Amino acid sequence: MLFKLQSFLKKLDHSPKDVVGLDFGTTGLKCVRLKKTPAGIILVGADIIAPVLFPSDPESLPNPPALVLPKALQASYGALALPSDQAIIKVLSFPGEFTAETEHQIVPHMGLEKPDLFRINYKILINGHARSESRVLAAGYPSAQAAFAPRLFPLGPPAPCSIEISGLATLSAFMNRQDRKGTTETVGHLEIGEKSSLFSLFTRSVPVLIRKFDFGVDSVMNQVRQGLGVSPQVAIDIVSSGSIDISHWVSEAAQPFIKQLLVSRDFVERRENCRIRQFFLSGGGGAFAPLRKEVEVAFDLEFVTWNPLEDFSSETAILGKSVPGQECRLTAATGAALSVLEKS
């Protein structure tokens, strides 16, 4: 009787098993479709398609055109990752154990002028005790922007089932990568997007630093464009072709950002009494060789350009033409889909 009841309940399980992660980047909509099977999570398809740009005032566009995905990416559910440049991300420390009173302190510590206009959530990283501190990852996102994304799918598929910040979605993928199991070393992860970056350090797979920067590939491209006195498209063509040495402008644009990264690294190494042994790079910056080289030289480490799709069986996966060589840009889309499937 018990066995029959369990079988019946299993049939009623409607938790998502087929999810497409959608990362709404400014240079492309990154899509990764994952499916949960008895043998594990498999990769069904991935692509980078034309970007979907959010209006500055989403409420002025109550009925945006419906977004229709390629057939290979039309999963039952959609996990939406929104651009990090508008997000507020902080790791907060509080003395002692995390309590209801501690929870009430999170919003005031976010530094928001109008917190009522934001969606705010948090995750406890470390729950302290009498002689230690609690660490909390807190994030806020403009409510109007967050509400706009699901309206792109009025009828589905996919049916939106989650919304998160792109930079934090990359952490979901990074923390679930296969090679992390059993590691006790301190490792770093740097996601360089178009307009913002997220720098994270992990000790024994626990995040000890997460910091967002308003720096991205776009910052470097603007420096190149101004230095050469050319249009944005011409600057892109020059960088893509490698016809002109742009190292001077890359260095000039990146140095303030790199100095802040080094300060953050030194602080964590002193506080945690550790040394970073391995560093992973993802996002558009992972495919931008001049910027990657600049950061590697500063850290005196060879970065691993991380392909998040490698962890999944993909024998029958359908990959778009824009994916090969650009897999490092798919971390947020992968992490968004993975977060939903891991909870199902």
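Residues numbered from 1 in each chain as written. Predicted model: local features only at pLDDT ≥ 70, side-chain atom pairs only at ≥ 80, totals over all residues. Heavy atoms only, no water.

### Quick word on helix 6 (residues 232-241)
Point 1. Residues of helix 6 that are buried: Ala-235, Ile-238 and Val-239. For helix 6, the angular spread of buried residues about the axis comes to 95°, placing them on one side. In helix 6, the exposed positions angled more than 90 degrees off the buried face are occupied by Ser-240 and Ser-241.
Point 2. Among the structural elements, helix 5 (217-228) are those in contact with the buried residues of helix 6.
Point 3. A positive phi of about 70° marks Gly-242, the residue just after helix 6. (Buried < 20%, exposed > 50% of the residue type's maximum accessible area, 1.4 Å probe, protein only. Helix = DSSP H or I, 4+ residues; strand = E, 2+ residues; numbered from the N terminus. Arc of directions from axis to C-beta. Contact = heavy atoms within 4.5 Å.)

### Details of the sheet that holds strand 2 (residues 29-37)
Point 1. Spatially, the 6 strands line up as an open sheet ordered 8-4-1-2-3-14, and their pairing is mixed. If you trace the sheet from one side to the other, it starts and ends with strand 8 (159-165) and strand 14 (318-319), each paired once.
Point 2. Pairing of strand 4 (residues 77-82) with strand 8, which is carried by 6 bridges, proceeds in the parallel orientation. Counted as the bridge partner of Tyr-77 is Ala-159 from strand 8.
Point 3. Strands in contact with helix 4 (residues 166-175) are strand 1 (18-24), strand 4 and strand 8; relative to strand 8, the strand with the most contacts, it is inclined by about 95°. (Pairing = 2+ DSSP bridges. Axes fitted to C-alpha atoms, helices over the stretch in contact; angles between N-to-C directions.)

### Side note on helix 5
Given 3.6 residues per turn, any residue in an α-helix points the same way as the ones three and four places further on.
Point 1. The end-to-end C-alpha distance of helix 5 is 17 Å, a good match for the 16 Å that 12 residues give at a rise of 1.5 Å each.
Point 2. In this structure, the buried residues of helix 5 make contact with strand 9 (186-192), helix 6, helix 7 (247-272) and helix 8 (289-299).
Point 3. Remark: Gly-229 follows helix 5 within two positions and exhibits a positive phi of approximately 65°. (Expected span 1.5 Å × (residues − 1).)

### Brief notes about the sheet that holds strand 6 (residues 118-126)
Point 1. Taken in spatial order, the 3 strands make up an open sheet running 5-7-6, and their pairing is antiparallel. Looking at the sheet topology across the chains shown, the edges are occupied by strand 5 (88-95) and strand 6. Averaged over all pairs of adjacent strands, the angle between strand axes in this sheet comes to 25°, irrespective of strand direction.
Point 2. Sheet topology note: the strand 6/strand 7 (residues 133-142) ladder contains 8 bridges and is antiparallel. Within the sheet, the bridge partner assigned to Arg-119 lies in strand 7 and is Tyr-141.

### Here's the deal with the pattern of salt bridges
Point 1. Applying the stated criterion across every chain yields a total of 9 salt bridges.
Point 2. A salt bridge links Asp-266 to Arg-265, with the shortest nitrogen-to-oxygen separation between them at 2.9 Å.
Point 3. What makes Asp-266 partly exposed here is its relative accessible area of 29%.
Point 4. Through salt bridges that share partners, Glu-133, Arg-135, Arg-271 and Glu-272 make up one connected network. (Salt bridge = Lys/Arg side-chain N within 4 Å of Asp/Glu carboxyl O.)

### Concerning the side chain of Lys-30
Point 1. Assignment of secondary structure puts Lys-30 in strand 2.
Point 2. Residue class for Lys-30 comes out buried when judged on its relative accessible area of 8%.
Point 3. Apart from residues no more than four positions distant in its own chain, Lys-30 is found in contact with Gly-21, Leu-22, Asp-23, Gly-25, Asp-47, Ile-48, Arg-329, Leu-330 and Ala-333.

### Some remarks on the packing of aromatic side chains
Point 1. Counting across every chain of the model gives 13 aromatic pairs.
Point 2. Both rings, one in Phe-98 and one in Tyr-122, keep their centres 5.5 Å apart while their planes meet at 40°; by these two values the pair is tilted. Of this pair, Phe-98 sits in the loop between strand 5 and helix 2 (100-103) while Tyr-122 sits in strand 6, placing them 24 residues apart in sequence.
Point 3. A relative accessible area of 12% places Phe-98 in the buried class.
Point 4. Between Phe-199 and Phe-279, the aromatic rings sit 5.8 Å apart at their centres with planes inclined by 10°, giving stacked as the arrangement. Here Phe-199 is found in strand 10 (residues 197-203), whereas its partner Phe-279 is found in strand 12 (residues 276-282), with 80 residues between them in sequence. (Phe/Tyr/Trp six-rings, centres within 6.5 Å; stacked < 30°, edge-to-face > 60°.)

### Quick look at the confidence of the model for the chain
Point 1. Confidence along the chain averages 87 in pLDDT terms, with 94% of residues attaining 70 or more.
Point 2. Across residues 1-6, where pLDDT falls below 50, the model places 0 contacts with residues more than four positions away in sequence or in other chains.
Point 3. In the model, residues 8-12 has pLDDT below 50 throughout and makes 0 contacts with residues more than four positions away in sequence or in other chains. (pLDDT = per-residue confidence, 0-100.)

### Digging into the environment of Gly-167
Point 1. Along the chain, Gly-167 falls in helix 4.
Point 2. Considering only alpha carbons, one finds Gly-167 and Ala-146, 21 residues apart in sequence, at a separation of 15 Å.
Point 3. If near-sequence neighbours (up to four positions away) are discounted, Gly-167 is found in contact with Ser-84 and Leu-198.

### Describing the nonpolar core
Point 1. With 35 residues, the main nonpolar core has Leu-22, Phe-24, Leu-29, Leu-69 and Ile-89 as its most contacted residues.
Point 2. Counting only elements with at least two residues in this core, the list comes to strand 1, strand 2, strand 4, strand 7, helix 3 (143-148), helix 4 and strand 10.
Point 3. If you tally residues by element for this core, the top one is helix 4, at 4 residues.
Point 4. With near-sequence residues (within four places) excluded, Leu-29 lies in contact with Leu-22, Asp-23, Phe-24, Asp-47, Ile-48, Ile-49, Ala-50, Pro-51, Val-52, Leu-67 and Leu-69.
Point 5. Listed in part, the 31 residues of the second largest apolar core include Leu-209, Val-250, Val-268 and Leu-281. (Core = buried A, V, L, I, M, F, W, Y, C linked by side-chain atoms within 4.5 Å.)

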